[in-house]
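# Overview (structure and organization)
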Amino acid sequence: MSLPKHVRLVEVGPRDGLQNEKQPISTADKVRLVNDLSAAGVQYIEVGSFVSPKWVPQMAGSAEVFAQIEQKPGVTYAALAPNLQGLEAAIAAGVSEVAVFAAASQAFSQRNINCSIEQSLARFVPLMEVARANGVQVRGYVSCVLGCPYEGEVDPAAVAHVARELFNMGCYEISLGDTIGTGTPGKTRQLIEVVSRDVPRDKLAGHFHDTYGQALANIYASLLEGLCVFDSSVAGLGGCPYAKGASGNVASEDVLYMLDGLGINTGIDLTALVAAGQRISDVLGRPNASRVARARQSAG
Ligand SMILES: CC(C)(COP(=O)([O-])OP(=O)([O-])OC[C@H]1O[C@@H](n2cnc3c(N)ncnc32)[C@H](O)[C@@H]1OP(=O)([O-])[O-])[C@@H](O)C(=O)NCCC(=O)NCCSC(=O)C[C@@](C)(O)CC(=O)[O-]
């Protein structure tokens with residue numbers, strides 16, 4: 001299969017990247033990050049989550065962040081919503097796109113959202129109805145598609161089942177999450193081959209964490225399988241609060257560098273993206289996890 005000419009990058013840094021941070025991050029710093037990303041040309045930004053503040057305290061101020069960001073035309077500003085309560089809070093905050101999240105492993109589903117896979121899918125049905133009635137688009141995530149921190153190997157057929165259910169209930173796109181980053185390119189291709197029997201490839205996105213250093217290779221494998229939407233996190237921020245040891249998402253700068261090198265257009269400016277990632281890394285007081293950002297900085 002030939003490579004696409006255009007790829008859409010879904011920037012999850014402000015949500016997936018920051019949700020696990022123990023230190024308080026000010027609303028002003030979160031807002032600045034989102035505005036820096038849109039200024040760099042990012043067209044889709046996951047800004048926050050309307051989840052229980054007891055479960056993920058760092059996302060508690062998401063409504064304030066939405067109220068203060070500069071919303072540029074043509075940019076999608078999205079949030080996670082695990083249930084109807086979350087969707088209603090998102091709508092009240094003026095959010096026009098949300099993402100629901102399920103898992104391909106029962107143990108992860110219980111730890112992450114306190115219910116079984118089937119209960120989570122049933123929970124999304126009324127959410128989808130209210131979203132539709134309010135003109136809110138819904139994206140769907142499936143976690144643990146290439147391994148679970150509690151159950152180990154995950155059957156691609158189990159991933160396909162959850163992806164199909166989410167797609168059939170109205171999610172316009174299904175993001176396949178390698179939550180703990182254990183996937184390898186061969187397994188990634190096999191997974192896409194199986195899942196695409198139920199959900200068209202142009203409705204699938206790849207969401208890779210870089211725990212085992214496989215994320216870019218997995219993205220390239222996914223490109224070869226016809227995917228053209230990828231989630232990534234500026235400065236490689238992140239890690240899931242319910243997946244011990246999971247490192248950050250693949251760094252947006254590293255994905256962009258690879259795509260630029262392949263002649264694939266994203267509309268994002270690498271220099272501005274590197275600056276956005278460095279600023280939030282400075283706020284957090286930790287080294288930038290993007291290798292491209294580090295290489296560019298050491299090259300002066
Ligand atoms: C799903 C629940 C809420 C169930 O949590 P629960 O405790 O079973 O919920 P409940 O319905 O029994 O309600 C208990 C309390 O939570 C409140 N509550 C209930 N819902 C909400 C809401 N939406 N917003 C705010 N508050 C809420 C509710 O009001 C009540 O408050 P109380 O009466 O005790 O004061 C909880 O487990 C939760 O919030 N989990 C979120 C976990 C999370 O955000 N994980 C990270 C995101 S997923 C991820 O990172 C993976 C991904 C997407 O990136 C892809 C990948 O890499 O795999």
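Anything mentioned here points back to the structure above.
Rules used in this analysis
Residues numbered from 1 in each chain as written. Predicted model: local features only at pLDDT ≥ 70, side-chain atom pairs only at ≥ 80, totals over all residues. Heavy atoms only, no water. Salt bridge = Lys/Arg side-chain N within 4 Å of Asp/Glu carboxyl O. Helix = DSSP H or I, 4+ residues; strand = E, 2+ residues; numbered from the N terminus. Buried < 20%, exposed > 50% of the residue type's maximum accessible area, 1.4 Å probe, protein only. Core = buried A, V, L, I, M, F, W, Y, C linked by side-chain atoms within 4.5 Å. Contact = heavy atoms within 4.5 Å. 1 Å grid on protein atoms, 1.4 Å probe; cavity = no way out; pocket = protein on both sides within 12 Å on 5 of 7 lines; lining within 4 Å. Points joined across faces, edges and corners; volume = space filled by probe spheres on them. Nonpolar A, V, L, I, M, F, W, Y, C, P; charged D, E, K, R; others polar. Phe/Tyr/Trp six-rings, centres within 6.5 Å; stacked < 30°, edge-to-face > 60°. Lys NZ or Arg CZ within 6 Å of the ring centre and 35° of its normal. Pairing = 2+ DSSP bridges. Right-handed = clockwise from strand over helix to strand, strands pointing away.

Any two side chains of opposite charge can pair, on the condition that their charged atoms come close. By the definition in use, this model includes 13 salt bridges. Note that R189 and E225 form a salt bridge whose closest N and O atoms lie 2.7 Å from each other. In this pair, R189 is assigned in helix 8 (residues 185-195) and E225 in the loop between helix 9 (215-224) and strand 8 (229-232), connecting sequence segments 36 residues apart. The buried category is assigned to E225, whose relative accessible area is 11%. The structure contains a network of salt bridges with shared partners spanning R8, R139, E173 and D231.

Time to look at the nonpolar core. Of all hydrophobic cores here, the largest spans 84 residues; its most connected members are V142, V159, L166 and I174. With sequence-adjacent residues up to four places away left out, V159 is seen in contact with A104, V142, V145, V154, L176, L191 and V195. One finds Y44, L80, I113 and V229 within the second-largest nonpolar core, a separate group that totals twelve residues.

Turning our attention to the layout of surface pockets. Of the volumes computed, that of the largest pocket is approximately 700 Å³. Along the wall of the largest pocket there are 37 residues; nearest its centre are V51, S52, V56, P82 and F101. If you list the elements that add at least two residues to the lining of the largest pocket, you get helix 1 (13-17), helix 4 (84-92), helix 5 (106-113) and strand 5 (137-143). Here the residues of the lining of the largest pocket are counted per class, giving 20 nonpolar, 13 polar and four charged. Considered as a void within the structure, the second largest pocket measures approximately 240 Å³ in volume. In terms of lining residues, the second largest pocket is bounded by 13 residues, among which D210, A251, D254, A289 and R291 are the most central. In terms of residue class, the lining of the second largest pocket is built from five nonpolar, five polar and three charged.

This brings us to empty space enclosed by the protein. Following the criterion strictly, the structure yields two cavities of 30 Å³ or more and no others. P14, K30, V34, V47, Q58, M59, S62 and V65 together form the lining of the largest cavity. Per-class residue counts for the lining of the largest cavity are five nonpolar, two polar and one charged. The space that makes up the second largest cavity amounts to roughly 40 Å³. Surrounding the second largest cavity, V145, L146, L176, T188, L191, I192, G206, F208, S222 and L227 form its lining. Among the elements of the structure, helix 8 and strand 7 (204-208) are those that each provide at least two residues to the lining of the second largest cavity. At three residues, helix 8 tops the list of elements feeding residues into the lining of the second largest cavity.

Another aspect to go through is the packing of aromatic side chains. For the structure shown, the criterion picks out two aromatic pairs. Measuring from centroid to centroid gives 6.1 Å for F50 and F66, while their planes differ by 35°, and the two rings are tilted. Of this pair, F50 sits in the loop between strand 2 (44-49) and helix 3 (62-68) while F66 sits in helix 3, and the two are 16 residues apart along the sequence. This pair shows no difference in class: F50 is buried, exactly as F66 is. The cationic tip of R111 hangs over the ring face of Y150; the distance from NZ or CZ to the ring centre is 4.2 Å. R139 extends its terminal NZ or CZ atom over the ring of Y44, reaching a point 5.8 Å from the ring centre.

Walk down a regular strand and you will see the side chains alternate between the two sheet faces. The element strand 4 (residues 97-103) is largely enclosed, with a buried count of seven among its seven residues. Burial of the side chains of strand 4 extends over both faces: E97, A99, F101 and A103 are buried on one face and V98, V100 and A102 on the other. Where strand 3 (residues 76-80) and strand 4 come together, three bridges link them in parallel fashion. Looking at strand 4, one finds that A79 is bridged to V98. For the crossover from strand 3 across helix 4 to strand 4, the handedness is right-handed.

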